[in-house]
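# Inside the fold
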Amino acid sequence: MLVELDLKRKIATMAGTVLTGCVLSLIIGPNTILQALLTAAVLFLLSGDRPTIVYVTVMTLPRDANAAVCFLRLNLAIHRLSKRFRSVPRIFEEVAARHPSKAALLMDDRRLTFREVKELSDRIAVYFHSKGFSKGDTVALMMETRPEYPCIWLGLAKLGVVTALINTNLRRETLKHSITVANSKAIIVSSELAEAIVEIAGQEGVKGLPTFVYSTDESTEQSIIEKLPGSHNLRQALDSEDSDPATTGVDLSSIWDDISPRDKLVYIYTSGTTGMPKAAVITNSRYIMMGTGSYYMLNLRDDDIIYNSLPLYHSAGGMVGVGTVLLCGLTAALRKKFSASNFFSDCIKYECTVAQYIGEICRFVLTTPSKATDTQHKVRIMFGNGLRPQIWTQFMSRFNVKQIAEFYGSTEGNSNLMNLDNTIGAVGFVPAFAKAFYPVTLVRCEEETGEIIRNSEGFCIRCKPGEPGVFIGKINLKNALNSFQGYADKKASEKKVLKDVFVRGDMYFNSGDILVADLYGYYYFKDRTGDTFRWRGENVATSEVEGVITNIVGLKDCAVYGVDIPGTEGKAGMAAIVDTEGKIDLDQLAAGVRGSLPAYARPLFIRVLSEVPMTATFKLKKRDLQLDGFDINKIKDPIYFLQNDGKYKLFSEEDYKIVSSGKGKF
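Computed from a prediction, not measured in an experiment: that's the story for all the values here.

Rules behind the numbers
Throughout this document, residue positions are counted from 1 along each chain, in the order its sequence is written. The model is predicted, so local features are restricted to residues of pLDDT at least 70 and side-chain atom pairs to those at 80 or more, both for listing and for counting; the totals for chains, interfaces and linings are taken over all residues. Side-chain figures throughout are based on the complete set of non-hydrogen atoms in the structure, without hydrogens or water. What counts as a helix is a DSSP run of H or I of at least four residues, what counts as a strand is a run of E of at least two, and both are numbered from the N terminus. Using a 1.4 Å probe on the protein chains alone, a residue whose accessible area is under 20% of its type maximum counts as buried, one over 50% counts as exposed, and one in between counts as partly exposed. Here, strands pair whenever DSSP counts at least two bridges between them. A right-handed crossover is one whose linking path, passing over the helix from the first strand to the second, runs clockwise when the strands point away from the viewer. Think of each axis as a best-fit line through the C-alpha atoms, taken over the contacting stretch in the case of a helix, with angles from 0 to 180 degrees between the N-to-C directions. Working rule for contacts: check all heavy atoms of both residues, and any pair within 4.5 Å makes them a contact. Throughout this description, the term nonpolar core refers to a set of buried Ala, Val, Leu, Ile, Met, Phe, Trp, Tyr and Cys residues connected via side-chain atoms within 4.5 Å. The criterion for an aromatic pair is that two Phe, Tyr or Trp rings (for Trp, the six-membered ring) have centres within 6.5 Å, with stacked assigned to planes under 30 degrees apart, edge-to-face to planes over 60 apart and tilted to the rest.

## Structural notes on the overall build of the chain
Broken down by element type, the chain carries 23 helices and 28 strands. Out of the 666 residues belonging to the chain, those deemed buried represent 55%.

Right, here's the structure in full:
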């Protein structure tokens, strides 16, 4: 937020200008005191009525210098790989050649070396080559986390085959949509999930697709194959001579030499919280940028072991996490399913030095009972996105984690930020000087709808420090950092592109997220467009209300959203709180809400959930909850209603009739 001019700032400003003058004097001639002072005076005068700019520049100089070095390293690495026409398979081959015996993937008691990852991926490539698959084809992969997962899509990538990484939680219509929207020509499925494919096998778009079943359990594998006529036993095939590069004579290097960094590598799907999942296009260059980004920006070490308990079909786990292994030669410890109670125990077991998180993982871990092993791990840094500012310091203190590197970005987006200096709550920063070559910014919008506001000339309006707006990034298709490849669905892609933003003909990626930036260049996540709603003439940011309620009710899952009330302007707040043990104290909640939130932001309805309707990225399915509203004829969960005295009481049939008829007074 805006910094006020006080004596301290004036002194810092003058000191900064003198320092800058000294540096300039070294460049332009002999270092004399007179020359330095004259240069400083000129700079100070040029700053006019805004010495704040000089002050901020001086105060953020160490941060920005470190970021500039990291960013330069990343850009040079990407440029070098691009110039050498390197795709993901080719980079991996070079990494595997340097570290053949080093552990690449750890899980349970298994250890897969880089040589073994190479050999398995080669067998995948040779086998699917024998089945007629070639560059440009798409294969859907539905498999739980296991060391073979990245080996399978890497093997397909050696042929130029695109792998659609299917969310393992999808079923029926949503699953069918995800397979067909990517124009899949085959399905690879693990035996544990094959029943989901059996359910849709006869439907249009899926019927007739060859299915390859993988399992380490022969009996389970065979029973599934019998339910899918024409399916193939992939594990058996990979053990046969038909998939051995040595006996088949297939020259894989001649195939992947034809793969460009701009060619598609995988499809990664959005969570589908507001409709059907969209298949985001991930090219080789995009994967390289995301996979190497954390390595260079966080100064990771070659001997680091990363704890990755995230799903591998998700961009954080499968692209950022696995990417550091395949492209940088680090080791990753995987877990089939995230467990809060085993998080740091696993880190101790695998001697992890770095750990990933997304969504509410840190809060889940924080709710576990304290134990001696909380600080017996070697994790020095955790990186991810979704850590609530309210628990940031508490988490670091309890588990003795020295650095949290919160980042911001979407799977498909070109606008990414990273918090490199542990500033509480910030999702990253962009120095003023960096915007010339990393053009991201905030533009004004209607907070309730997310609609972009344009001026009389039809251009967008940049936000001032402290003013919330939609985060956008300029699209440059020639640069991996700023490109936008969109989705498999072209219409969905077009909706994310803003045109004629600041000048005629320019294009920007619309993140759909509302952020706010301060004078120092730090960005803070505020809300997703559409999540903000208006009540009593005021805008209510759902993420802020969720943070307050979560702390009051002991870090339980909570989703806040707006619901329509007949005859009433705006949307009333409703909070869905997960309480599987029936321990929530409504009086305590009411008191906490009164003490922490203004009247317009206090939820009118409280819905107590007995189960957790979560997305794969550890977020409550807010859209489904919003559609249910407060209809007690549809909802079996208890609903509570805010009274004039500030307390919550059970929402009765009589209450429902009054509110739904538009006769309620609020």
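## Structural notes on the pairing of strand 3 (residues 138–142)
Burial analysis of strand 3 places five of its five residues in the buried class, which makes it a mostly covered element. Residues Thr-138, Ala-140 and Met-142 line one face of strand 3 and the alternating positions Val-139 and Leu-141 line the opposite face, and both faces are buried. Pairing of strand 3 with strand 4 (residues 162–165) involves four bridges; the strand directions are parallel. Residue Thr-138 lies in a different strand from strand 4, and its bridge partner there is Val-162. Crossover handedness for the path strand 3 to helix 7 (residues 148–157) to strand 4: right-handed. Sheet topology note: the strand 3/strand 5 (residues 186–190) ladder contains four bridges and is parallel. Bridging across to strand 5, Met-142 finds its partner in Val-189.

## As for the sheet that holds strand 24 (residues 558–564)
Sheet architecture is open: five strands sit in the order 24-25-26-27-28, paired in mixed fashion. Two strands bound the open sheet, and with one partner strand each, they are strand 24 and strand 28 (648–650). Across this sheet, the average inter-strand angle for adjacent strands is 30°, counted without regard to direction. Relative to strand 25 (residues 571–578), strand 24 runs antiparallel, the two being bridged by seven bridges. When the sheet's bridge partners are listed, Val-563 is paired in strand 25 with Ala-572. Helix 20 (residues 542–552) contacts strand 24 and strand 25 of the sheet and is inclined by roughly 130° relative to strand 24.

## A look at the nonpolar core
If you look at the biggest cluster of nonpolar residues, it comprises 97 residues, and the most contacted ones within it are Phe-128, Trp-153, Ile-188, Tyr-287 and Tyr-523. With eight residues, the top contributor of residues to this core is helix 6 (residues 114–130). Residues Val-540, Val-545, Val-560 and Leu-604 belong to the second largest nonpolar core, which totals 43 residues.

## Side note on the packing of aromatic side chains
Considering all chains together, one arrives at 28 aromatic pairs under this definition. Their ring planes at 70° and their centres at 5.4 Å tell us that Phe-471 and Tyr-523 sit as a pair that is edge-to-face. You can see Phe-471 sitting in strand 18 (residues 469–474) and its partner Tyr-523 sitting in strand 21 (residues 522–528), a full 52 residues away along the chain. Accessibility classification places Phe-471 together with Tyr-523 in one group, the buried group.

## Some remarks on unusual backbone geometry
Although it is not a glycine, Asp-108 sits at a positive phi angle of roughly 55°. Its location among the elements puts Asp-108 in the loop between strand 1 (103–107) and strand 2 (110–113). Unlike most non-glycine residues, Asn-422 shows phi in positive territory, near 65°. One can find Asn-422 in the loop between strand 15 (417–418) and strand 16 (428–429).

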